[in-house]
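Here's the letter readout for the chains.
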Amino acid sequence: MKKQLSKVKERKLVKIICINCGQGLKRRLSSLGIYDGTNVEIIKNDERGPIILKVFDSKIALGRGQAMKILIEEVN
Amino acid sequence: MKRLIKITKNIKIALAGNPNVGKSTLFNTITGTRQHVGNWPGKTVGKKTGHLNYKNHLIEIVDLPGTYSLTAFSEEELVARNFIVNEDPELVVQLIDAANIERNLYLTTQLIELGASVILVFNFINYARKKGVQVNTEKISQLLDVPVLQIEANKKKEIGKLLDCVILTHNKKKSKNQINYGREIEDHIDEIEQLIKRIHLPKIYKKRWVALKLLEHDDEVMRLIKKENNFDLVFKKIHKIRMHLESIFGEDINTIISKARYAYIDGLTKETIIVDNTKRTSFSDKIDSIVTHKIIGIPIFLIMMLCMFIISFKLSEPFMGLFEWVFSIIKKNAILYLNSINAPMWVISFSSEAVIGGVGSVLVFTPQIFMLFFVIAALEDSGYMARVAFIMDRFMHKIGLHGKACIPMILGFGCNVPAIMCTRSLDSKKDRILTILLNPFMSCSARLPVYILFTSAFFPGKQGIVIFGIYVLGIIVAIMSSLLFNRTIFKGLSSPLVMEIPPYRVPTLISLLIHMWERGKSFILKAGTTIFAIVIIIWLLANLPLGVEYASKQSFVGKAGQIIAPLFKPLGFGTWQATVSLIFGLAAKEVIISTFGTVYQVQEANITSVLQNVFTPLSAISFMVFVLLYFPCISTVAVIKKETGSWKWALFSIIYTTVVAWIMSFIVYQGGLILGIS
């Protein structure tokens, strides 16, 4: 089931399905390892403000607005 | 006898890498103090170069901006890539965080695409091992066909390994290795290479790279091709290829290429890296669960900021005392000496008041500025600053600012100069300029003495609450201005928050000192000249026409005061004395107090009683509001000019702040009168 990244609970592993944003941000995200088809873990989501993802071995903070533009699928 | 060092060869190398991989540590360890800091021509991106002699070679090192990629989207990435293309360094040394290899190799693939001769240097090997990551560097070297080293970037004795490798590698033939993107894409890259064969390109551009960039729709390279005659046809064909690939993969071209790069990296790391997932240390995570906590995160941050100010002010106090003492001694002796050689009165006055007094009044603040730079560097290098941007992003976003803008705004309470210099951490130019323009409304420590003097004269017992109110007013004006600017001159959303949260690291003393020195020195050099010029102008105005008493009613500044004073009448302080104090306050706001002493010809201790005669409680508040908001001091103006790269924004800031100050004071004073307060 597709879901916005901003709606995912902490400690969940998700697969990125699609990123709806401009090319500039898209390239920046992919240079950080965030692109369609990758798995990332949500390590912080307070349901307001930015979220923190674990991508490869680094933590990436993402504004809530950006997180809303990323659609994901939960993986177990 | 001095031993002559015979230099047989010059080698130019560039240092590349992701942010937070210890690049500046490595740069400092290699070059020590033999470095030069400046800006890339026409950019606000900092440029560091250094050099050293090693085994008869003069090695020149250019520190490229820390980047994750080499697209044409950010200034930093463009600077890095243009340097590699246009300056053609013999070698590009990429520093890699051994605990995060996949992401770091993404940049490597692009360096290789660009045709650079790369040396990979793995840093933080021990840290990675603790996390359970084992790297087979020989295998990586073999597969990528580039030299690979392991070092600890902060250890001087390990640098020899790198330098030996540089000398050994630099005259070898370039590796012919290419990143293979899979057959489908490779075929089309070949096709585009054939297409652009007919186009005459500068020799420095590798055909394969240009082809790939055209496929990726890279604006810079597209512009390059647009200069050619038959670009239209080429563009059309490339567009067709792009459409074709996008329809096969069902994704846009950037995602296709990114995926291809990561697929290549994945293949590489599967053979070379072993990760033991059970061995995770979570020290960083434990700290993060506290400092980024949704409730206690912000209070912790505010306490940290308070500690930062207390520490830096306490540490700088003895130095400030020392500076003051030194300047008073110099002044005394200069006057004595000039008297003894019968120098004319104006020479004595010029040297003591303008040169020594004026420059001294600004230099007295340098210890404080340096200490703040030191503490900021510690917070930055430790990794805490990224957490601050994270916890403050929500609030900052609401008022139209970027999360990272929080630090410069808070620093403004100490001194606007280091605060404005710290806006460099913001990625977009719009966010930077906006943060710079709002900064002067944060009430710096130089304004505090003015508030203390006025509140002690008019609000004994209620000093704290009044001063607090003034600070809050500054914040409110900044927020209102931000909302206003976001709707007018800076339309559009602030740039998105996408930021790495680096692991915590213990900063090294040497890198903190170098950071502090770099920023402090650039303040003294660049701002110093502007400050000096203005101090001289003010002195001249206070002493001309010849023969008048310093800053008296007859002097130019006194006359100017009389002319301008009526403007301040509706604000409740339309006297020439108050006006002259405000004019002198342009240099530094704490100068306002000593100027009151001069214009009313009283000792500093007696200023309070004079003020009680010429001000009312209401006009005192109005005056404090004006001092809070008007004209950022000349050091700040000089830094605004330096950091925005033009006088335009400096002038805008001067006019905007002064107009806002006038309006706010007007509202306070006239509003107060209407309410029957006097």
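Each value, and the rule that gives it
Residues numbered from 1 in each chain as written. Chains lettered and ligands numbered in written order. Predicted model: local features only at pLDDT ≥ 70, side-chain atom pairs only at ≥ 80, totals over all residues. Heavy atoms only, no water. Helix = DSSP H or I, 4+ residues; strand = E, 2+ residues; numbered from the N terminus. Buried < 20%, exposed > 50% of the residue type's maximum accessible area, 1.4 Å probe, protein only. Contact = heavy atoms within 4.5 Å. Lys, Arg positive; Asp, Glu negative; His and termini not counted. Charge placed at Lys NZ, Arg CZ, Asp CG, Glu CD. Salt bridge = Lys/Arg side-chain N within 4 Å of Asp/Glu carboxyl O. pLDDT = per-residue confidence, 0-100. Domains from an automatic or database assignment. Disulfide = S-S within 2.5 Å. Phe/Tyr/Trp six-rings, centres within 6.5 Å; stacked < 30°, edge-to-face > 60°. Lys NZ or Arg CZ within 6 Å of the ring centre and 35° of its normal. Patch = residues over 30% accessible without salt bridge, like charges linked within 9 Å, V, L, I, M, F, W, Y side chains within 5 Å. Areas by Shrake-Rupley, 256 points an atom, 1.4 Å probe, with all protein chains shown as cover.

**Student:** Is there a simple way to explain the overall build of chain B in this structure?
**Tutor:** Within chain B, the regular secondary structure consists of 29 helices and 10 strands. Its C-alpha atoms give chain B principal-axis dimensions of roughly 85 × 70 × 60 Å. The burial tally for chain B puts 54% of its 678 residues in the buried class. Long-range contacts, defined here as pairs at least 24 residues apart, represent 72% of the contacts in chain B between residues at least 6 apart. Each charge class in chain B can be summarised by its mean position, and for the 73 positive and 50 negative side chains these summaries are 4 Å apart.

**Student:** Teacher, can you tell me more about the pattern of salt bridges here?
**Tutor:** A side chain with one charge may pair with a side chain of the opposite charge, provided their charged atoms come close. All names here are of chain B. Applying the stated criterion across every chain, the model contains 27 salt bridges over all chains. The shortest N-O distance in the salt bridge between Asp 164 and Lys 55 comes to 2.8 Å. Separated by 109 residues along the polypeptide, Asp 164 in helix α6 (residues 159-170) and Lys 55 in the loop between β3 (46-54) and β4 (57-63) bring together distant segments of the chain. With relative accessibility at 32%, the residue Asp 164 sits in the partly exposed group.

**Student:** What exactly am I supposed to notice about the confidence of the model for chain B here?
**Tutor:** In low-pLDDT regions, the fine details of the predicted coordinates are not to be read closely. Overall, the predicted model of chain B reaches an average pLDDT of 86, with 96% of residues at or above 70. What the predictor reports for the complex is a pTM of 0.82 with an ipTM of 0.94.

**Student:** What is the right way to look at the domain arrangement of chain B in this model?
**Tutor:** Where interface size is given, it is often the accessible area lost as the parts come together that is meant. For chain B, the domain assignment lists domain 1 (9-170), domain 2 (183-250) and domain 3 (282-678). Computed over C-alpha atoms, the centres of domain 2 of chain B and domain 3 of chain B are 53 Å apart.

**Student:** How should I be thinking about the state of the cysteines in this particular structure?
**Tutor:** One way to say it: the disulfide is the covalent bond shared by the sulfur atoms of two cysteines. Residue and element names in this part refer to chain B. Within this structure, the stated rule accounts for 0 disulfides over all chains. For the unlinked cysteine Cys 307, the closest cysteine sulfur is that of Cys 406, found at 16 Å. Cys 406 takes part in no disulfide bond, and the closest cysteine sulfur to it belongs to Cys 422, at a distance of 12 Å. On the basis of relative accessibility, which here comes to 3%, the residue Cys 406 falls in the buried class.

**Student:** Hey, could you run me through the environment of Val 85 of chain B in this one?
**Tutor:** All names here are of chain B. Take Val 85: it is sitting in helix α2 (residues 75-87). Val 85 gets classed as buried once you look at its relative accessible area, which sits at 7%. As for Val 85 and Val 637, which are separated by 552 residues in sequence, their C-alpha atoms are 37 Å apart. In this view, Val 85 contacts Leu 114, Ile 204, Tyr 205 and Trp 209; residues no more than four positions away in its chain are not counted.

**Student:** In this structure, what is going on with the packing of aromatic side chains? I would like to understand it.
**Tutor:** Any aromatic ring pair is given by two values, namely how distant the centres are and how the planes are angled relative to each other. Residues and elements named next belong to chain B. For the structure shown, the criterion picks out 28 aromatic pairs over all chains. Taken together, a centroid distance of 5.7 Å and an interplanar angle of 25° make the contact between Phe 490 and Trp 649 stacked. Of this pair, Phe 490 sits in the loop between α21 (463-487) and β10 (498-501) while Trp 649 sits in helix α29 (residues 647-674), and the two are 159 residues apart along the sequence. Look at Trp 649 and you get buried, because its relative accessible area is 14%. Note on Phe 573 and Phe 626: the rings are 5.9 Å apart at their centroids and 65° apart in plane angle, and the pair reads as edge-to-face. Of this pair, Phe 573 sits in the loop between α23 (556-568) and α24 (576-584) while Phe 626 sits in helix α27 (residues 617-629); the two residues are 53 residues apart in sequence, bridging distant segments of the chain. In this structure Phe 573 comes out as buried when scored by relative accessible area, which is 2%. What links up through ring pairs into an aromatic cluster is the set Phe 454, Phe 458, Phe 568, Phe 573, Phe 596, Tyr 600, Phe 615, Phe 623, Phe 626 and Tyr 630. We note Arg 387 situated over the ring of Tyr 504; from NZ or CZ to the ring centre the distance is 3.9 Å. Stacked on the ring of Tyr 127, the Lys or Arg Arg 505 has its end atom at 5.9 Å from the ring centre.

**Student:** When you look at unusual backbone geometry in this model, what are you seeing that I'm missing?
**Tutor:** With the exception of glycine, the majority of residues adopt a negative phi angle, and the majority of peptide bonds are in the trans configuration. The phi torsion at Phe 56 of chain A lies on the positive side, around 50°, for a residue other than glycine. Residue position: Phe 56 of chain A is located in the loop between β4 (51-55) and β5 (58-62). For His 217 of chain B, which is not glycine, the phi torsion reads 65° and is therefore positive. Position of His 217 of chain B among the secondary structure elements: in the loop between α8 (207-215) and α9 (219-226).

**Student:** Can you walk me through the confidence of the model for chain A in this structure?
**Tutor:** Here chain A shows a mean pLDDT of 90. Residues at 70 or above account for 100%. Between the elements of chain A, mean pLDDT differs from a low of 87, seen in helix α1 (residues 23-31) of chain A, to a high of 93, seen in β4 of chain A.

**Student:** Got a minute to help me understand helix α25 (residues 591-599) of chain B in this structure?
**Tutor:** Residue and element names in this part refer to chain B. Most of α25 sits inside the fold, with 7 of its 9 residues counted as buried. For α25, every residue scored as buried is listed here: Val 591, Ile 592, Ile 593, Thr 595, Phe 596, Gly 597 and Val 599. Lining the buried residues of α25 we find α20 (448-458), α24, α26 (607-614) and α27. Immediately beyond the C-terminal end of α25, within one or two residues, lies Gln 601, with a positive phi of roughly 50°.

**Student:** Looking at this structure, I do not really get a nonpolar patch on the surface. What am I missing?
**Tutor:** A contiguous nonpolar patch, built from Trp 647, Leu 651, Ile 655, Val 659, Ile 663, Phe 666 and Ile 667 of chain B and spanning about 650 Å² of accessible area, is present on the exposed surface. Take Ile 667 of chain B: it is sitting in helix α29.

**Student:** Before we go on, may I ask you to explain the side chain of Ser 117 of chain B in this structure?
**Tutor:** Residue and element names in this part refer to chain B. Within the secondary structure, Ser 117 sits in the loop between α3 (101-113) and β6 (118-123). Residue class for Ser 117 comes out buried when judged on its relative accessible area of 15%. Setting aside chain neighbours within four positions, we find Ser 117 in contact with Glu 90, Leu 91, Val 92 and Lys 174.

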